Amino acid sequence: MKDSLVTASRRRLNQRFQQWADQRTPRATRIQLNQRRIYIVPTGSGFFWLSMVLVIFLVAVNYRNSLAYGLCFFMLSLFLLAIIHTWRNLAGITLVAKRAESGFAGELIPVSIECLSERRPRYSIAIGWPDTESIVVSFDSDREQGLLAQAGSRGWFRPGRLRIESIYPLGLCRAWSWVRLDFNSLVYPAPDDRYPLPENETIDDGERSLTTSGFEEFAGFRTYQQTDTPAHVFWKGYARTGELLTKQFDQPSGRELWFSLDQVPEGDLEQRLSVLTAWCLQCDRQQYAYGLALAGQQLAPSTGEVHLKQCLEMLALYELDQGMAGGVNG
């Protein structure tokens, strides 16, 4: 009971701190680190250093030793200088969100951030998101740095708080800042390949009715990919050789597939969108002409990279307000 109360208290304090930090550092494409955004505390080594200063000071008072006084004041002065120079190592850096690739929910998305140094050398700067690996860099001019960010839910890509910190030069103090950068890219629903492509389904928009064909011609094998439908895996060959292969089928001329949420047998909205995403990817690999029909929005059947991107964008933004879609990712 006591542990649960402590956990709840910590959670509330953390939420209040996050709200306070969000107010101080609103999301933007360009953020400069200034006094309002930089925090600094002693490191473990710094606390040990201060404890030694206190011990030497007590020794100096007890024995009235001027040499001990001098050492004590020298160590304290050095610590104060470390505070100033550690803070200056971050102060004035401007972070600019350059670009981010679109990706699927739950993936690590490559992003590019430009660090503007204000023509001052910066040393041992650690940059990264808490759930990914930080990168330590030093630069004396403007630098563009590539990072990986965890994609949240589908919608506009809004990664969480980016942490930038430094303990340079003496490691006695840690200066850090949290910033929220705004990228103009999308997060697509995570593909769910548990269901095979629908067959003999009709989409009627009041003017035309297109029916899929269940006829396919076997065209050979290729190396298995994680998004392949299990029904197309060559299991007999796997039992003999231990190598996973996928059967390929040629599409008859004129075949067109229409996809809608009603074709997915079960699941909530997000799960159904994930299934439609997997179907679009599978049709793109097999060069099937496919289209989407979602609540009044339609994309006519087609093929190619541009068509796939349009379908994924429609799935990513389905039933999300354009102005608030970024909220789903933090």
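The rules behind the values
Residues numbered from 1 in each chain as written. Predicted model: local features only at pLDDT ≥ 70, side-chain atom pairs only at ≥ 80, totals over all residues. Heavy atoms only, no water. Disulfide = S-S within 2.5 Å. Buried < 20%, exposed > 50% of the residue type's maximum accessible area, 1.4 Å probe, protein only. Salt bridge = Lys/Arg side-chain N within 4 Å of Asp/Glu carboxyl O. Helix = DSSP H or I, 4+ residues; strand = E, 2+ residues; numbered from the N terminus. Pairing = 2+ DSSP bridges. Axes fitted to C-alpha atoms, helices over the stretch in contact; angles between N-to-C directions. Core = buried A, V, L, I, M, F, W, Y, C linked by side-chain atoms within 4.5 Å. Patch = residues over 30% accessible without salt bridge, like charges linked within 9 Å, V, L, I, M, F, W, Y side chains within 5 Å. Areas by Shrake-Rupley, 256 points an atom, 1.4 Å probe, with all protein chains shown as cover. Contact = heavy atoms within 4.5 Å. Phe/Tyr/Trp six-rings, centres within 6.5 Å; stacked < 30°, edge-to-face > 60°. Polar contact = N/O pair within 3.5 Å; in protein donor to acceptor, adjacent residues only side chain to side chain. Parallel < 35°, antiparallel > 145°, perpendicular 65-115°, else oblique. Left-handed = near helix turned anticlockwise from the far one by under 90°. Nonpolar A, V, L, I, M, F, W, Y, C, P; charged D, E, K, R; others polar.

Draft legend 1. A look at the state of the cysteines. All told, the structure shown has zero disulfides when counted by the stated rule. Cysteine Cys-280 remains unbridged, with the sulfur of Cys-311 as its closest cysteine sulfur at 4.7 Å. Classification of Cys-280 as buried rests on a relative accessible area of 0%.

Draft legend 2. Just the pattern of salt bridges, in detail. The final tally for this structure, using the stated rule, is seven salt bridges. Between Lys-98 and Glu-114 there is a salt bridge, with its nearest N and O atoms 3.6 Å apart. One end of the pair, Lys-98, is in strand 3 (residues 94-100); the other, Glu-114, is in strand 5 (residues 108-116), and 16 residues separate them in sequence. Its relative accessible area of 40% is what places Lys-98 among the partly exposed residues. Between Glu-165 and Arg-163 there is a salt bridge whose closest N-O contact spans 2.8 Å. A single salt-bridge network, built from bridges that share partners, covers Arg-163, Glu-165 and Arg-174.

Draft legend 3. Representation of the sheet that holds strand 1 (residues 30-32) in the model. Across the sheet, four strands lie side by side as 1-3-5-8; this open sheet has antiparallel pairing. In this open sheet, the two edge strands, each paired with only one partner strand, are strand 1 and strand 8 (143-150). Between one strand and the next, the sheet's axes are offset by a mean angle of 30°, whatever the strand orientation. Bridging between strand 5 and strand 8 involves eight bridges; their strand directions are antiparallel.

Draft legend 4. Unusual backbone geometry, seen in detail. The linkage connecting Tyr-168 with the following residue, Pro-169, adopts the cis geometry, with an omega of 10°. The backbone of Arg-64 shows a phi angle near 50°, a positive value even though the residue is not glycine. Mapped onto the secondary structure, Arg-64 falls in the loop between helix 2 (44-63) and helix 3 (66-90).

Draft legend 5. Summary view of the environment of Thr-246. With respect to the secondary-structure elements, Thr-246 resides in strand 16 (residues 245-250). When the C-alpha positions of Thr-246 and Gln-225 are compared, they lie 8.0 Å apart, and in sequence the two are 21 residues distant.

Draft legend 6. Representation of the nonpolar core within the structure. With 30 residues, the main nonpolar core has Phe-259, Leu-276, Trp-279, Cys-280, Tyr-290 and Leu-292 as its most contacted residues. Those elements that place two or more of their residues in this core are strand 12 (186-188), strand 17 (256-259), helix 5 (269-286), strand 18 (289-294) and helix 6 (305-317).

Draft legend 7. Quick look at a nonpolar patch on the surface. Where nonpolar side chains cluster on the molecular surface, the patch consists of Leu-54, Phe-57, Leu-58, Val-61 and Phe-73 and spans about 470 Å² of accessible area. In terms of residue count, the dominant contributor to the nonpolar patch is helix 2 (four residues).

Draft legend 8. Fine view of the sheet that holds strand 4 (residues 103-104). Strand order across the open sheet formed by three strands is 4-12-9, with mixed pairing between neighbours. Edge strands, defined here as strands with exactly one partner in the open sheet, are strand 4 and strand 9 (155-156). The sheet contact formed by strand 4 and strand 12 spans two bridges and is parallel. Bridging across to strand 12, Phe-104 finds its partner in Tyr-188. Relative to strand 12, helix 6 is tilted by about 90°, and along the sheet it contacts strand 4, strand 9 and strand 12.

Draft legend 9. Geometry of the packing of aromatic side chains. Enumeration over the complete set of coordinates arrives at eight aromatic pairs. Each ring, one from Phe-157 and one from Phe-183, has its centre 5.9 Å from the other, and the planes form 35°; the classification is tilted. Of the two residues, Phe-157 sits in the loop between strand 9 and strand 10 (162-166) while Phe-183 sits in the loop between strand 11 (173-179) and strand 12, which places them 26 residues apart along the sequence. Like Phe-157, the residue Phe-183 is buried in the burial classification. Centroid distance Phe-259 to Tyr-290: 6.4 Å. Interplanar angle 25°. Geometry classified as stacked. Here the residue Phe-259 occupies a position in strand 17, and Tyr-290 occupies one in strand 18, the gap between them amounting to 31 residues. Tyr-290 matches Phe-259 in its accessibility class, with the two residues each being buried.

Draft legend 10. Seen up close, the side chain of Thr-132. Mapping Thr-132 onto the fold places it in the loop between strand 6 (122-128) and strand 7 (135-139). In this structure Thr-132 comes out as buried when scored by relative accessible area, which is 16%. Among the polar contacts made by the side chain of Thr-132, one reaches the main-chain carbonyl oxygen of Leu-148 at a distance of 3.2 Å. If near-sequence neighbours (up to four positions away) are discounted, Thr-132 is found in contact with Leu-108, Leu-148, Ala-149 and Gln-150.

Draft legend 11. Focus on the packing of helix 2 against helix 3. Viewed as axis vectors pointing N to C, helix 2 and helix 3 meet at an angle of 155°, and their least axial separation amounts to 8 Å. Judged on the interaxial angle alone, helix 3 and helix 2 are roughly antiparallel. Crossing angle aside, the handedness with which helix 2 passes helix 3 is left-handed. In this structure, helix 2 contributes Gly-46, Trp-49, Leu-50, Met-52, Val-53, Ile-56, Phe-57, Ala-60 and Val-61 to the contact, and helix 3 contributes Ala-68, Tyr-69, Leu-71, Cys-72, Met-75, Leu-76, Leu-78 and Phe-79. By residue class, the composition of the contact of helix 2 with helix 3 is 16 nonpolar, one polar and no charged.

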